[in-house]
Number of protein chains: 2
Amino acid sequence: MTPPADPPAAPPAEPPPESGAGPTPPAAEEPLTFWSFVDAAVTRTARQLPGTDTDATRLVLTLYRVTNMVVYDLESSVHRPRGWSWPGFRLLFVLWLAGPLEAGRAAELSGMSRQAVSALTNTLERQGLVSRAPSARDGRSVRLSLTDTGQRAIADAFAAHNERERLWAASLSAEEQATLVRLLGKLGSAAQHSEIRRR
Amino acid sequence: MTPPADPPAAPPAEPPPESGAGPTPPAAEEPLTFWSFVDAAVTRTARQLPGTDTDATRLVLTLYRVTNMVVYDLESSVHRPRGWSWPGFRLLFVLWLAGPLEAGRAAELSGMSRQAVSALTNTLERQGLVSRAPSARDGRSVRLSLTDTGQRAIADAFAAHNERERLWAASLSAEEQATLVRLLGKLGSAAQHSEIRRR
DNA sequence: CGCATATCGTCAAAGCCTTGACCAAATGAC
DNA sequence: GTCATTTGGTCAAGGCTTTGACGATATGCG
């Protein structure tokens with residue numbers, strides 16, 4: 001779901017609906033595009049719902065959209081050509097760096113649910129990249145580890161993945177990258193507040 | 001897939017694998033957690049693959065993980081209780097703000113594929129929130145619009161959604177929010193470079 | 001030691017995503 | 001006007017996500 005990259009070259013939006021029913025018609029004279037939609041969204045939510053925290057809307061909308069673009073690019077150019085998926089790569093990445101793990105720990109480190117790790121491991125096991133073994137520590141657990149094939153495959157994939165990451169990161173200076181990471185980390189720490197729902 | 005919020009309180013990782021086969025064993029003495037994994041990942045990829053752009057790795061890893069946390073929280077606390085999904089909300093949001101749209105335009109504005117919008121519209125139509133009509137402009141197109149029920153439902157959901165966005169955003173000052181949005185926007189503009197894959 | 005409770009991984013059902021394909025309609029060249 | 005090409009929406013297959021449930025195993029209290 002990578003959007004067109006060249007705003008505002010998209011064809012014109014349909015004309016706004018007639019006055020009366022429903023929300024206030026969009027006031028934009030220019031056609032909306034993926035890019036201008038964020039600005040328009042902020043303006044229009046303020047009009048539709050007085051009291052809207054428009055800065056928060058802009059923040060979350062931008063965060064989600066940019067992340068989606070990055071992930072789509074990485075998945076479609078690096079991982080799908082290998083017959084992999086983005087979540088598959090993420091699980092292989094965790095096992096590559098942390099070594100063999102119990103499935104629950106792999107779920108925790110990768111930020112996936114236990115059921116998602118279980119289903120994903122089915123796929124990766126079938127591809128010969130990961131193997132399951134009963135855990136000596138706990139009869140309920142399975143220990144996931146990369147096969148030799150998996151080790152080689154993830155090293156190769158990560159090289160290409162990192163090359164692509166570098167292209168994305170290169171649009172920011174080193175200082176900007178550091179600032180972005182710092183602010184994202186600060187945003188992420190909000191999850192420690194009791195109001196935020198977490199697993 | 002929201003990870004535990006309280007680093008590093010997670011139970012200890014399994015002991016590192018023995019020397020020899022596979023990658024260099026993880027050197028960390030502390031158990032890895034969702035949080036410390038990012039730092040560990042950066043350190044260990046540099047060791048596994050000399051020449052790794054570790055700043056890019058940190059940037060993309062952090063971006064993805066924080067976004068995932070935010071989306072999981074919004075979806076599980078605001079949208080799933082309504083019987084909705086995150087993508088469903090996003091499509092409703094676009095139709096709410098832009099008014100009735102042809103499906104292809106809705107796909108464009110929301111950053112989804114046409115097939116994803118089609119399948120999602122099936123669900124929302126079944127829930128009585130969206131309706132399809134043939135487009136007068138183009139015999140191949142369908143025009144998507146919110147039903148009256150849909151209008152009311154999205155207004156109510158967005159109020160709760162925005163309240164939750166506000167909680168997230170509140171962890172940053174207004175200036176920090178503006179800086180984050182600006183840097184994300186700059187990162188997103190990288191998609192205009194020809195190397196980045198886009199739809 | 002017995003038993004209630006918690007934990008781990010998997011299962012099932014339903015929804016969402018991707019790619020490739022198909023059919024109908026639109027477009028543009030000649 | 002004809003025809004090749006493009007476009008729009010849907011379909012199908014396969015993979016990934018969620019929630020709730022289940023059976024096996026572990027834990028801790030009395």
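That block above? That's the structure.
Predicted model, so just to flag it, every value in this text is computed and none were measured.

Definitions and limits used
- Residues numbered from 1 in each chain as written.
- Chains lettered and ligands numbered in written order.
- Predicted model: local features only at pLDDT ≥ 70, side-chain atom pairs only at ≥ 80, totals over all residues.
- Heavy atoms only, no water.
- Helix = DSSP H or I, 4+ residues; strand = E, 2+ residues; numbered from the N terminus.
- Contact = heavy atoms within 4.5 Å.
- Areas by Shrake-Rupley, 256 points an atom, 1.4 Å probe, with all protein chains shown as cover.
- Pairing = 2+ DSSP bridges.
- Buried < 20%, exposed > 50% of the residue type's maximum accessible area, 1.4 Å probe, protein only.
- Polar contact = N/O pair within 3.5 Å; in protein donor to acceptor, adjacent residues only side chain to side chain.
- Salt bridge = Lys/Arg side-chain N within 4 Å of Asp/Glu carboxyl O.
- Axes fitted to C-alpha atoms, helices over the stretch in contact; angles between N-to-C directions.
- Phe/Tyr/Trp six-rings, centres within 6.5 Å; stacked < 30°, edge-to-face > 60°.

Visitor: Looking at this structure, how should I read the overall build of chain A?
Guide: Secondary structure summary: chain A contains seven helices and three strands in total. Helices (α) and strands (β) of chain A occur, in sequence order from the N terminus, as α-α-α-β-α-α-β-β-α-α. Long-range contacts, defined as pairs at least 24 residues apart, comprise 48% of the intrachain contacts of chain A with a sequence gap of at least 6. Counting only carbon and sulfur atoms, one obtains 52% of the accessible surface of chain A, whose full area is about 8,700 Å².

Visitor: Can you walk me through the sheet that holds strand β2 (residues 130–134) of chain B in this structure?
Guide: Residues and elements named next belong to chain B. Spatially, three strands are ordered β1-β3-β2 in an open sheet, and the strand pairing comes out antiparallel. The sheet is open, and its two borders are formed by β1 (101–102) and β2, each paired with just one other strand. Sheet analysis places β1 next to strand β3 (residues 142–146), joined by two bridges and oriented antiparallel. When the bridges of β3 are listed, Glu-102 appears paired with Arg-143.

Visitor: I keep staring at helix α4 (residues 103–110) of chain B and nothing clicks. Help me out?
Guide: Side chains three or four residues apart in an α-helix point the same way, a direct result of the helix having 3.6 residues per turn. Residues and elements named next belong to chain B. Of all eight residues in α4, six are buried, a share of seventy percent or more. Among the residues making up α4, those that are buried are Arg-105, Ala-106, Ala-107, Glu-108, Leu-109 and Ser-110. In the stretch just after α4, Gly-111 is the one whose phi turns positive, near 75°.

Visitor: Whenever I open this one, the environment of B:Asp138 confuses me. Can you help?
Guide: All names here are of chain B. Here Asp-138 lies in the loop between β2 and β3. The spatial distance from the C-alpha of Asp-138 to the C-alpha of Glu-102 is 9.6 Å, given a sequence separation of 36 residues. Of the polar contacts made by the side chain of Asp-138, one reaches the backbone nitrogen of Arg-140; its length is 2.9 Å.

Visitor: Where do I start with the pattern of salt bridges in this structure?
Guide: Side-chain pairs of opposite charge can arise whenever the charged atoms involved come near each other. Across all of its chains, the model carries 22 salt bridges over all chains by this definition. Between A:Asp39 and A:Arg58 there is a salt bridge; the shortest N-O distance is 2.6 Å. Here A:Asp39 is found in helix α1 (residues 34–48), whereas its partner A:Arg58 is found in helix α2 (residues 54–79), with 19 residues between them in sequence. The exposure class of A:Asp39 is partly exposed, given its relative accessible area of 42%. As a salt-bridge pair, A:Arg80 and A:Glu75 come within 2.8 Å of each other at their nearest N and O atoms. Relative accessible area serves as the criterion here: at 12%, A:Glu75 is assigned to the buried category. One connected set of salt bridges, linked through shared partners, spans A:Glu176, B:Arg182 and B:Lys186.

Visitor: So what exactly am I meant to see when it comes to the sheet that holds strand β1 (residues 101–102) of chain A here?
Guide: Note: strands within a sheet are paired through backbone hydrogen bonds, in either parallel or antiparallel orientation. Residues and elements named next belong to chain A. One open sheet holds the three strands; their spatial order is β1-β3-β2, and the pairing between them is antiparallel. Edge strands, defined here as strands with exactly one partner in the open sheet, are β1 and β2 (130–134). Seen against the sheet, helix α5 (residues 114–126) touches β2 and β3 (142–146) and runs at an angle of roughly 120° to β2.

Visitor: Even after reading the chapter, I still don't get the environment of B:Ser189, so can you show me in this structure?
Guide: Residues and elements named next belong to chain B. Relative to the helices and strands, Ser-189 is located in helix α7 (residues 174–189). The exposure class assigned to Ser-189 is partly exposed, which follows from its relative accessible area of 29%. Looking at Ser-189, its side chain comes within polar contact range of the main-chain oxygen of Lys-186, at 2.6 Å.

Visitor: Quick question: what am I supposed to make of the packing of aromatic side chains here?
Guide: Both the distance between ring centres and the angle between the ring planes are used here to describe each pair of aromatic rings. This model, assessed by the stated rule, comprises 14 aromatic pairs over all chains. Measuring from ring centre to ring centre gives 6.2 Å for A:Phe37 and B:Phe93, while their planes differ by 85°; the resulting arrangement is edge-to-face. Residue A:Phe37 is located in helix α1, and its partner B:Phe93 is located in helix α3 (residues 86–98); the two belong to separate chains. Residue classification places B:Phe93 among the buried residues on the basis of a relative accessible area of 5%.

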